[in-house]
Amino acid sequence: MNKFLEYDGIILSSPVYLRSVSGMLKTFVDRTCSWYHRPVLAGKPLLVVSTTKGSGLGYTLEYLEDVGIQWGLMPTGRIGRSIRSIGNPVLKKECKPFIDTLKKGKRFHRPSLKCIMDFSVQKVLSCKLGGLDAEYWE
């Protein structure tokens, strides 16, 4: 978890396991629950990547992005491949927003309405409920 703090950006990836992420990644996510209340990764770009032999690619990419948003990351794109497209190379346009955000910094990133709403809800709940989370947000 501490290594994540050192990175300029995060690429979060998992193969699809039963229409979701692998158990190993899910366990890691569960151990970062404090990051939802105190998003220590705020402002870092996020790229999510997944592959599948069958179904569940969309759900998995959405879940990975939602986790990143909860951690305070800025979603910059999704790369997914199924068994039918696994041979397709990753295109520059799929990585460009992530790379551009790394180069330019967070001030050039435009958060989605979902990101703004999640951030606002986290802040309000934390400040109203008091405790450690309120201290972080202040």
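As shown above, the structure is provided for reference.
Structural notes, computed from the coordinates. (Residues numbered from 1 in each chain as written. Predicted model: local features only at pLDDT ≥ 70, side-chain atom pairs only at ≥ 80, totals over all residues. Heavy atoms only, no water.)

So, the overall build of the protein chain
Phase 1: In terms of helices and strands, the protein chain carries 7 helices and 3 strands.
Phase 2: Mapped in sequence order, the helices and strands of the protein chain form the string α-β-α-α-β-α-β-α-α-α.
Phase 3: Expected size for 138 residues packed as a compact globule is a radius of gyration near 14 Å; at 16 Å, the protein chain falls within 12% of this value.
Phase 4: Overall, the C-alpha framework of the protein chain stretches about 50 × 35 × 30 Å when taken along its three principal axes.
Phase 5: Each of the 138 residues in the protein chain was classed as buried or not, and the buried ones make up 38%.
Phase 6: Taken as a whole, the protein chain presents about 8900 Å² of accessible surface, with 58% of it coming from carbon and sulfur. (Helix = DSSP H or I, 4+ residues; strand = E, 2+ residues; numbered from the N terminus. Rg over C-alpha atoms; globule rule 2.2 N^0.38 Å. Buried < 20%, exposed > 50% of the residue type's maximum accessible area, 1.4 Å probe, protein only. Areas by Shrake-Rupley, 256 points an atom, 1.4 Å probe, with all protein chains shown as cover.)

Some words on the sheet that holds strand β2 (residues 45-51)
Phase 1: Taken in spatial order, the 3 strands of this open sheet run β1-β2-β3, and their pairing is parallel. For this open sheet the edge positions go to β1 (10-15) and β3 (74-81), each flanked by a neighbour on one side alone. For this sheet the average axis-to-axis angle between neighbouring strands, irrespective of direction, equals 15 degrees.
Phase 2: Running over the sheet, helix α4 (residues 57-70) touches β1, β2 and β3 and is turned about 155 degrees from β2. (Pairing = 2+ DSSP bridges. Axes fitted to C-alpha atoms, helices over the stretch in contact; angles between N-to-C directions. Contact = heavy atoms within 4.5 Å.)

Some points on the pattern of salt bridges
Phase 1: For the structure on display, the rule yields 7 salt bridges.
Phase 2: The salt bridge partner of Lys114 is Asp66, with a shortest N-O separation of 3.5 Å. Linking Lys114 in helix α6 (residues 113-129) with Asp66 in helix α4, this pair joins segments that are 48 residues apart in sequence.
Phase 3: Owing to a relative accessible area of 22%, Asp66 belongs among the partly exposed residues under this scheme.
Phase 4: Between Asp100 and Lys96 there is a salt bridge whose closest N-O contact spans 2.7 Å. A residue pair is termed a helical-turn pair when its members lie 3 or 4 positions apart in one helix, as Asp100 and Lys96 do in helix α5 (residues 92-104) at 4 residues.
Phase 5: A relative accessible area of 47% places Lys96 in the partly exposed class.
Phase 6: Linked by salt bridges that have partners in common, Asp66, Lys114 and Asp118 make up one network. (Salt bridge = Lys/Arg side-chain N within 4 Å of Asp/Glu carboxyl O.)

Observations concerning a nonpolar patch on the surface
Phase 1: On the surface, Leu5, Val40 and Tyr136 cluster together into a nonpolar patch covering about 240 Å² of accessible area.
Phase 2: Within the secondary structure layout, Val40 lies in the loop between α3 (33-37) and β2. (Patch = residues over 30% accessible without salt bridge, like charges linked within 9 Å, V, L, I, M, F, W, Y side chains within 5 Å.)

Describing the packing of α4 against α6
Phase 1: Running from N to C, α4 and α6 point in directions that differ by 45 degrees, and their axes come no closer than 10 Å. The angle between α4 and α6 places the two elements in the oblique class. In this structure, α4 meets α6 at a crossing whose hand is right-handed. Judged by residue contacts, Asp66, Ile69 and Gln70 of α4 engage Lys114, Cys115, Asp118 and Gln122 from α6. (Parallel < 35°, antiparallel > 145°, perpendicular 65-115°, else oblique. Left-handed = near helix turned anticlockwise from the far one by under 90°.)

Any functional reading would require information beyond the geometric quantities listed.
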